[in-house]
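# Observations on chain architecture
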Amino acid sequence: MTFLSSLISGISLGSVYAIIALGYTMVYGIAKMLNFAHGDVIMVGAYVCYFAFNSFGLPWYIGVLLSMIICTILGVVIEKLAYKPLRAAASLAVLITAIGVSYFLQNAALLLWSSSPKSFPQKFFNIGGKSGFTIFDGKLEISYTILVTIICCVVIMIALTLFTEKTKLGKAMRAVSENKEAAQLMGINVNRTISITFAIGSGLAAIAGVLLCSAYPILQPTTGSMPGIKAFTAAVFGGIGSIPGAFLGGLLLGILESFTKFYLSTQLADAIVFGILIVMLLIKPTGLLGKKIMEKV
Amino acid sequence: MKKLLRKDNIKNLSSYILVIVAFVVCQILIGAKAMPSMYQSLLIPVCVYIVMALSLNLTVGILGELSLGHAGFMSVGAFTGVAIALALKEVITATWLLLAVAMVCGAIMAAIFGVIIGIPVLRLKGDYLAIVTLAFGEIIKSLFTNLYMGIDPEGGFHIGLITKPEDLVEGSKMLINGSIGISGVQKISTFTAGFILIIISLIIIFNTVKSRTGRAIMAIRDNRIAAECVGINITKYKMTAFVLSAAIAGAAGALYSLNYSTISATKFDFNTSILILVFVVLGGQGNMIGSIIAAAVLTILPEALRQFADYRMLVYAIVLILIMLATNNPTLKMFFDKIKKAIRFKKKEEAKEDM
């Protein structure tokens, strides 16, 4: 039973990582930048939902919707103000700007909402007054939070794959990530496509924030940074720029972390997870589903 | 004389002069008691961050690989340095010698870690390399938060991971105490030591860059395939730069930790690595004098903004973004290029007139 329950909690954690990693990987694929502020958008999303739920007493679905809207706007505004003027700049310059934005969001949150941790409503997803259900004669309890997290992740994954494969906008996004100049010549509005990518990524970040905080209900301005780093690792692990890769990487990282915590050591979980990641990257240097780029001489 | 006044030599010389002048001015201000104690306490951290920025610039600017775990090497140097200083307290009584030994040991240990990390890391490229350095930084932090080391009365070391070593007899002393880190450190770092460390790092870096090794490293940065074609051993030179950078960071870490009475691994986290990277990028990749100025200004800036109290980090973030936007603004860039061209043109005219 320990195996099953650790597997399930691993999948749930991995689903959250996967949703965050999707945001990283999409933005990387299209704008070739590491958006370090992504983790902090998650934090903002969680705060918005917390206030909608706790202070205004709105139902949870409105809270989630509200935080998605606000995060989407935030993502687009950040992109317009901070990243768009740097389109032509070196990638390191954009990276530092992203770090600046991340500092800004964290400190703005610190000023607005103080550093004291807020406890996120723990039984966030309740059905019929119960927080979960049991299987195997009550031996294994699964909370609705875990169920919702996993379902969310699968739905998002399918929706995103369909979006990028079938719709016109999705095709435009793939074209821009393939070759910006050629896409522009084909009549694609590159700037708008990039903005939309940021909007989608930030909206996903809001969902991830709510899911993350319903599973680990401590909310403070630095909440987003560590999951952000781990999701970024997951995105690279799966092959950055690839949507199924981010999904797979996030899921594997979550399961790995959960198993390490259950069977090996809680304190050294981070070290072991990162260690396995390094070994994996050495065996497959471009990530699990990453494309092998041939170098032209 | 002509050789001495070559352009890059002048640039290097100006770095030395800047550091020396700054040191002398600070010493005069301290002597005249004209420096507020707040800034005085910042002198050693400023020196440490300058050295950290210089060493990272070797990896990012000269070797051209992004490293996101540089604080890890600082951490290795810090823990080694403090442990050595505590262990040798009775043997070496002169504090300057103790500090020097601690710094050298910190550098050696960080170099060893540099080799261990470098072997897998340098096989990768670009973002994958960056993520692995990040992972190593986190691993080092995680290991040090769970490391326990005690010394028994006979001088034997006992090491334990996660739990305290069981074979520790009574009367022994804990050196490293898990997540609490090391406490009761003798503060032996001095501003002069920091100054000497900066000068030594500058000498090492400038001489490496100018040597055959340095040219090989920069050739790899500019075009790896071309460098490989002319017979440069990529792994060897990449490793040289990486280990050198790690060693200098280790020495800086030892100096940093011996400035405080307690030291814990959480001080050297991902944010510290990023902070140092910010110095390097703002100062200009490969530009050592830029790194020095950026590290000094950005270490002092948050403290100088103290009057804004709670808003200081917010202001810092905005300043950071604005600097990046301004330095990469095409209009501004064109403007500066025009000025540069005008100055150069004028010089040429003068040279013609002289003939």
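So, how was this worked out
Residues numbered from 1 in each chain as written. Chains lettered and ligands numbered in written order. Predicted model: local features only at pLDDT ≥ 70, side-chain atom pairs only at ≥ 80, totals over all residues. Heavy atoms only, no water. Buried < 20%, exposed > 50% of the residue type's maximum accessible area, 1.4 Å probe, protein only. Helix = DSSP H or I, 4+ residues; strand = E, 2+ residues; numbered from the N terminus. Pairing = 2+ DSSP bridges. Phe/Tyr/Trp six-rings, centres within 6.5 Å; stacked < 30°, edge-to-face > 60°. Expected span 1.5 Å × (residues − 1). Contact = heavy atoms within 4.5 Å. Polar contact = N/O pair within 3.5 Å; in protein donor to acceptor, adjacent residues only side chain to side chain. pLDDT = per-residue confidence, 0-100. Axes fitted to C-alpha atoms, helices over the stretch in contact; angles between N-to-C directions. Parallel < 35°, antiparallel > 145°, perpendicular 65-115°, else oblique. Left-handed = near helix turned anticlockwise from the far one by under 90°. Nonpolar A, V, L, I, M, F, W, Y, C, P; charged D, E, K, R; others polar. Core = buried A, V, L, I, M, F, W, Y, C linked by side-chain atoms within 4.5 Å. Buried area = accessible area lost by both parts, 1.4 Å probe. Salt bridge = Lys/Arg side-chain N within 4 Å of Asp/Glu carboxyl O.

### So, the pairing of strand E2 (residues 157–161) of chain B
All names here are of chain B.
- The side-chain alternation of E2 yields one buried face, formed by His-158 and Gly-160, and one unburied face, formed by Phe-157, Ile-159 and Leu-161.
- Sheet analysis places strand E1 (residues 147–151) next to E2, joined by five bridges and oriented antiparallel. Paired with Gly-150 across the two strands is His-158, which belongs to E2.

### Things to note about the packing of aromatic side chains
- One pass over the full model with this rule turns up 19 aromatic pairs over all chains.
- Arranged with centres 5.4 Å apart and planes meeting at 20°, the rings of Phe-3 of chain A and Phe-259 of chain A form a pair that is stacked. Pair noted here: Phe-3 of chain A is in helix H1 (residues 2–31) and Phe-259 of chain A is in helix H10 (residues 243–264), with a separation of 256 residues, a long-range link.
- Look at Phe-3 of chain A and you get partly exposed, because its relative accessible area is 45%.
- Taking the centre distance of 4.4 Å and the plane angle of 20° together, the rings of Tyr-47 of chain A and Trp-113 of chain A count as stacked. Residue Tyr-47 of chain A is located in helix H2 (residues 38–54), and its partner Trp-113 of chain A is located in helix H4 (residues 91–113); the two are separated by 66 residues in the primary sequence.
- Exposure remark for Tyr-47 of chain A: the relative accessible area of 0% places this residue in the buried category.
- Put simply, the rings of Tyr-49, Tyr-256, Tyr-260, Phe-268 and Phe-279 of chain B pair up and form one aromatic cluster.

### Some details on helix H12 (residues 288–304) of chain B
Residue and element names in this part refer to chain B.
- Compared with the 24 Å implied by 1.5 Å per residue over 17 residues, the 24 Å span of H12 between its first and last C-alpha is a close match.
- Of all 17 residues that make up H12, 12 are buried, and the element is covered over most of its length.
- Inspection of H12 places Met-288, Ile-289, Gly-290, Ser-291, Ile-292, Ala-294, Ala-295, Ala-296, Leu-298, Thr-299, Pro-302 and Glu-303 among the buried residues, and these make up the whole buried set.
- Against helix H1 (7–31), helix H2 (37–40), helix H3 (43–62), helix H7 (191–210), helix H11 (270–283) and helix H13 (312–327) lie the buried residues of H12.
- The distance from a side-chain oxygen at the start of H12 to the backbone nitrogen of Ile-289 is 3.3 Å, and the residue carrying that oxygen is Asn-287.

### Examining the confidence of the model for chain B
- With 91% of its residues at a pLDDT of at least 70, chain B reaches an overall mean of 84.
- Complex prediction metrics read pTM 0.83 and ipTM 0.81.

### A word on the packing of helix H3 (residues 60–83) of chain A against helix H8 (residues 190–215) of chain A
All names here are of chain A.
- Two elements in contact, H3 and H8, have axes whose closest approach is 7 Å; the angle formed by their N-to-C orientations is 140°. When the axes of H3 and H8 are compared, the pair comes out oblique. In the crossing of H3 with H8, the sense of the turn from one axis to the other is right-handed. Facing Val-64, Ser-67, Met-68, Cys-71, Thr-72, Gly-75, Val-76, Glu-79, Lys-80 and Tyr-83 of H3, the residues of H8 in contact are Ile-194, Ser-195, Phe-198, Ala-199, Ser-202, Gly-203, Ala-206, Ile-207 and Val-210.
- Residue composition of the contact of H3 with H8, grouped by class: 11 nonpolar, six polar and two charged.

### Comments concerning the nonpolar core
- If you look at the biggest cluster of nonpolar residues, it comprises 193 residues, and the most contacted ones within it are Phe-36, Tyr-83 and Phe-232 of chain A together with Leu-68 and Leu-277 of chain B.
- Leaving out residues up to four positions away in the same chain, Leu-68 of chain B has contacts with Phe-36 of chain A together with Ala-130, Thr-133, Leu-134, Phe-270, Ser-273, Ile-274 and Leu-277 of chain B.
- By size, the runner-up hydrophobic cluster in this structure holds 13 residues, among which are Tyr-47, Val-48, Ala-109 and Val-210 of chain A.

### Quick notes on H10 of chain A
Residue and element names in this part refer to chain A.
- With 22 residues, H10 should reach 32 Å at 1.5 Å per residue; the first-to-last C-alpha distance of 31 Å fits that figure.
- On its buried face, H10 is in contact with H1, helix H5 (144–166), helix H9 (225–237) and helix H11 (269–283).
- The backbone nitrogen of Gly-245 lies 2.9 Å from a side-chain oxygen of the residue at the head of H10, namely Ser-242.

### Let's talk about the interface of chain B and chain A
- Taken residue by residue, the interface counts 43 residues in chain B and 45 residues in chain A.
- Between chain B and chain A, roughly 3,800 Å² of surface is buried when both sides are summed, and carbon and sulfur atoms account for 80% of that area.
- The largest share of the area that chain B buries against chain A comes from Asp-127, Tyr-128 and Ile-131 of chain B, three residues that together contribute 16% of it.
- One can count zero salt bridges joining chain B with chain A.
- In this assembly, chain B and chain A are joined by zero residue pairs in polar contact (both at pLDDT 80 or more).
- Where the side of chain B that touches chain A is concerned, the elements lending two or more residues are helix H6 (126–145), helix H9 (224–229), H11 and H13 of chain B.
- The biggest single contributor to the side of chain B that touches chain A is H6 of chain B, with 11 residues.
- Tallied by class, residues from the side of chain B that touches chain A come to 32 nonpolar, five polar and six charged.

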